[in-house]
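# Observations on chain architecture
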Amino acid sequence: MKTPLFLLLLHLLYPLFLLSAHNILVPEPHSYLDPVSFHLLQTSTFNNHSWVHQGSGWFGELQTHSWNRSSGTIIFLYPWSRGNISNKELMDLERLVQLYFNEHQDFYISQLMFKGPFDLQVAADCERHSGKGFLGFVQVAIQGHDFISFQNETWSPYPMGGRKAQKACNLINLNQVYTNRKHWLLSYACPRLISELLDGGKAHLQRQVKPEAWLSSGPSPGPGRLLLVCHVSGFYPKPVWVMWMRGEQEQLGTQRGDILPNADGTWHLQATLDVAAGEAAGLACRVKHSSLGGQDLGDDITSTPLVKTLLFISAP
């Protein structure tokens, strides 16, 4: 019996392979990470009669797998993301992925008659929602536009996909064995995979990494004004609170950028504040994060994990 991780990766990357459905149990959900999801992403580019394929696997917002297109191998980015796959199973899986790509190419070029350069994106997802069980779906896009999707045992065209999308769904839906097993894997094998990744990666997923924070001035927004920048980096998990403050008063003009990933799996962001030059002294950047422990720093933040308060002192 193949491991659940092998089963899911195999079927989502090679949809015509037949799998046995017995002896797979849906696990009890884990409480420390909810909601949780697993995503397989594929990007294929057709140009000058040749294809370039890229693939990756994501556990929530953490990338756990990638596809080496040069060597045709799967890369497990963490030891625990490999699960219990043997070397032989891994070699078989990589051969099947290559075969999937070949048949994928034939479907879009020979059967659907796509011509000229185009990009194909495929996303296969299963998500666990507290109290709602698991939801599984597949979405396919051409040139960044929705093409077809799979949910509840049926492939459906998106309106902008036109006749080719309808034709694609008609062809795939005729293969009842394939659609049934796709539904089974999204509804039953994927929950088992999520459970396996949660168990294997528990130490990694539950780790707490404290942020570092520092202040600087950005480009001047205009005459007599300063752009104050609060840099916060190196924290994990992702949720964080950053605010420019004057005493205990939040500065509503705080502009917080996107939370972006670092190469080591931690996160970083910047929070800026546009102020008159004479009003910069005494402003502070305050950072809250779960890794910093609970501190009572005032009635407005009682029992909130808060770490650093950095004071900005303007130059004389």
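Parameters and conventions
Residues numbered from 1 in each chain as written. Predicted model: local features only at pLDDT ≥ 70, side-chain atom pairs only at ≥ 80, totals over all residues. Heavy atoms only, no water. Phe/Tyr/Trp six-rings, centres within 6.5 Å; stacked < 30°, edge-to-face > 60°. Lys NZ or Arg CZ within 6 Å of the ring centre and 35° of its normal. Disulfide = S-S within 2.5 Å. Helix = DSSP H or I, 4+ residues; strand = E, 2+ residues; numbered from the N terminus. Buried < 20%, exposed > 50% of the residue type's maximum accessible area, 1.4 Å probe, protein only. Contact = heavy atoms within 4.5 Å. Polar contact = N/O pair within 3.5 Å; in protein donor to acceptor, adjacent residues only side chain to side chain. 1 Å grid on protein atoms, 1.4 Å probe; cavity = no way out; pocket = protein on both sides within 12 Å on 5 of 7 lines; lining within 4 Å. Points joined across faces, edges and corners; volume = space filled by probe spheres on them. Nonpolar A, V, L, I, M, F, W, Y, C, P; charged D, E, K, R; others polar. Salt bridge = Lys/Arg side-chain N within 4 Å of Asp/Glu carboxyl O.

Further remarks concern the packing of aromatic side chains. A full pass over the atoms with the stated rule returns 11 aromatic pairs. Ring centres 5.2 Å apart and planes at 35° place the aromatic pair F114 and F118 in the tilted group. An aromatic cluster is built from F46, W51, F107, Y108, F114, F118 and F147, whose rings are joined through pairwise contacts. Its guanidinium or amino end placed over the ring of W241, K288 lies 3.8 Å from that ring's centre, counting from NZ or CZ.

A separate point is the state of the cysteines. Applying the stated criterion across every chain yields a total of 1 disulfide. What pairs with C230 in a disulfide is C285, and their sulfur atoms sit 2.0 Å apart. Negative torsions about the S-S bond denote left-handed disulfides, and the value of about -80° found for C230 with C285 makes this one left-handed. In this pair, C230 is assigned in strand β10 (residues 225-235) and C285 in strand β16 (residues 283-288), connecting sequence segments 55 residues apart. The pair C230 / C285 is uniform in exposure class, with both members buried.

Attention shifts here to the environment of E61. The topology assignment puts E61 in the loop between β2 (50-59) and β3 (62-68). Note: C-alpha distance between E61 and F38 (23 residues apart in sequence) is 8.9 Å. Other than its neighbours up to four places away in sequence, E61 contacts K238 and W267. A distance of 3.0 Å separates a polar atom in the side chain of E61 from a polar atom in the side chain of K238.

A volume near 640 Å³ is recorded for the largest pocket. Forming the walls of the largest pocket are 27 residues, and the residues nearest its centre are F59, E61, L62, Y236 and W267. Where the lining of the largest pocket is concerned, the elements lending two or more residues are β1 (36-47), β2 and β3. Considered class by class, the residues forming the lining of the largest pocket number 16 nonpolar, 8 polar and 3 charged.

What follows covers the pattern of salt bridges. As a working rule, side chains carrying opposite charge can pair if their charged atoms are close by. In the structure shown here, the tally under the stated rule is 5 salt bridges. Residue E61 pairs with K238 through a salt bridge whose shortest N-O separation is 3.0 Å. One end of the pair, E61, is in the loop between β2 and β3; the other, K238, is in the loop between β10 and β11 (241-246), and 177 residues separate them in sequence. For K238, a relative accessible area of 23% translates into the label partly exposed.

Another point: unusual backbone geometry. Put simply, Y236 and P237 share a cis peptide bond, and its omega is 5°. As for its placement among the helices and strands, P237 is situated in the loop between β10 and β11. You will see that Q143, though not glycine, has its phi angle at about 55°, which is positive. Backbone geometry at E153 places phi at a positive 70°, although glycine is not the residue there. With respect to the element layout, E153 can be found in the loop between β7 (145-151) and β8 (154-157). For E153, a relative accessible area of 35% corresponds to the partly exposed category.

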